[in-house]
Amino acid sequence: MPHPRPSVEPTGATVLLIAGVTGAGLTWLALSAIEGLGWPAPAVPLLAAAVVAVLAVATALAARWTHRVVHVKREAIEPQRAVGLLLAGKAAMIGGTALAAGYATVAMRALPYLDAALPRERALVATAVALLSAVLAVAGWALERACQLPPDDDSSDAPGGDPKGAPSPG
């Protein structure tokens, strides 16, 4: 009996659109509430950019490794690791999209006040984090795509085939 193909679908554009609208909407509501109370909008810490950058690099490296193992070497990955990599890719793509939209909202709300130092800094750092978040989303997309199994070619070295060269049972 041949091995069943995985049933997890790639993340669709609708999911990413919902993530982006949610990220922007929640950020807009939070900033409106803060300003409605008469409080200044908080500064965007540079640490946010550093954390998102580290996540983007780690996700990109995982995507590169996974692509090399699955598509170039055509080796199998342990099922638990494969699921973890797929979930990490999906989380990076959806989370990166939501963060990019949220930080872009912070930057856009600071635009009318660029003549002052704090809003200018907020806009610059938020723009940097938004761009890094977009890179994180793209790295997540690459990782998700790297987790897709290549088409069956009936060879024993394909993922899911017996690594010792024996044909799969069935």
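Residues numbered from 1 in each chain as written. Predicted model: local features only at pLDDT ≥ 70, side-chain atom pairs only at ≥ 80, totals over all residues. Heavy atoms only, no water.

**Quick look at the overall build of the chain**
Helix and strand counts for the chain stand at four helices and zero strands. Listing the helices and strands of the chain from first to last along the sequence gives α-α-α-α. Looking at the chain as a whole, 33% of its 170 residues are labelled buried. By sequence separation, contacts in the chain at least 24 residues apart represent 79% of the contacts at least 6 residues apart. For the chain, the accessible area works out to roughly 10,400 Å², and carbon and sulfur atoms hold 71% of it. (Helix = DSSP H or I, 4+ residues; strand = E, 2+ residues; numbered from the N terminus. Buried < 20%, exposed > 50% of the residue type's maximum accessible area, 1.4 Å probe, protein only. Contact = heavy atoms within 4.5 Å. Areas by Shrake-Rupley, 256 points an atom, 1.4 Å probe, with all protein chains shown as cover.)

**Topic: the environment of A19**
In this structure, A19 sits in helix α1 (residues 13–36). The spatial distance from the C-alpha of A19 to the C-alpha of A98 is 4.9 Å, given a sequence separation of 79 residues. Beyond its immediate stretch of four places on either side in the chain, A19 contacts I94, T97 and A98.

**Describing unusual backbone geometry**
Glycine aside, the phi torsion of most residues is negative, and most peptide linkages are trans. Its identity is not glycine, yet R74 carries a phi of approximately 55°, on the positive side. For R74, the location among the structural elements is in the loop between α2 (46–72) and α3 (79–110).

**Looking at the pattern of salt bridges**
Evaluation of the coordinates by the stated rule reveals three salt bridges. One salt bridge connects R109 with E35, and the closest N-O pair in it is separated by 2.4 Å. Remark: E35 occurs in helix α1 and R109 occurs in helix α3; sequence separation between them is 74 residues. Owing to a relative accessible area of 16%, R109 belongs among the buried residues under this scheme. The closest approach of N and O atoms between E144 and K90, which form a salt bridge, is 2.8 Å. Residue E144 is found in helix α4 (residues 117–146), and its partner K90 is found in helix α3; the two are separated by 54 residues along the sequence. Like E144, the residue K90 is buried in the burial classification. Shared partners join several salt bridges into a network, and the residues in it are K90, E144 and R145. (Salt bridge = Lys/Arg side-chain N within 4 Å of Asp/Glu carboxyl O.)

**A look at the nonpolar core**
V44, V106, A126, V129 and L136 are the most contacted members of the largest nonpolar core, which totals 14 residues. For this core, the secondary structure elements donating two or more residues are α2, α3 and α4. Excluding residues within four positions of it along the chain, V44 makes contact with Y103, V106, R122, V125, A126 and V129. (Core = buried A, V, L, I, M, F, W, Y, C linked by side-chain atoms within 4.5 Å.)

**Description of the packing of α3 against α4**
Orientation of α3 relative to α4, taken along the N-to-C sense of each, is 160°, at an axis distance of 7 Å. Looking at the two axes, α3 sits roughly antiparallel to α4. Crossing angle aside, the handedness with which α3 passes α4 is left-handed. In the contact of α3 with α4, the residues fall into 22 nonpolar, six polar and three charged. (Axes fitted to C-alpha atoms, helices over the stretch in contact; angles between N-to-C directions. Parallel < 35°, antiparallel > 145°, perpendicular 65-115°, else oblique. Left-handed = near helix turned anticlockwise from the far one by under 90°. Nonpolar A, V, L, I, M, F, W, Y, C, P; charged D, E, K, R; others polar.)

**Quick notes on a nonpolar patch on the surface**
On the surface, L47, V51 and L55 cluster together into a nonpolar patch covering about 280 Å² of accessible area. Turning to its location among the elements, L55 is positioned in helix α2. Judged by its relative accessible area of 44%, L55 is partly exposed. (Patch = residues over 30% accessible without salt bridge, like charges linked within 9 Å, V, L, I, M, F, W, Y side chains within 5 Å.)

**With respect to the packing of aromatic side chains**
One pass over the full model with this rule turns up zero aromatic pairs. The lysine or arginine in question, R109, covers the ring of W28, its NZ or CZ lying 4.2 Å from the ring centre. (Phe/Tyr/Trp six-rings, centres within 6.5 Å; stacked < 30°, edge-to-face > 60°. Lys NZ or Arg CZ within 6 Å of the ring centre and 35° of its normal.)

**Focus on the confidence of the model for the chain**
Here the chain averages 89 in pLDDT, while 86% of its residues score no lower than 70. When the criterion is pLDDT under 50, residues 155–170 qualifies, and its contacts beyond four places in sequence or with other chains add up to 22 contacts. (pLDDT = per-residue confidence, 0-100.)

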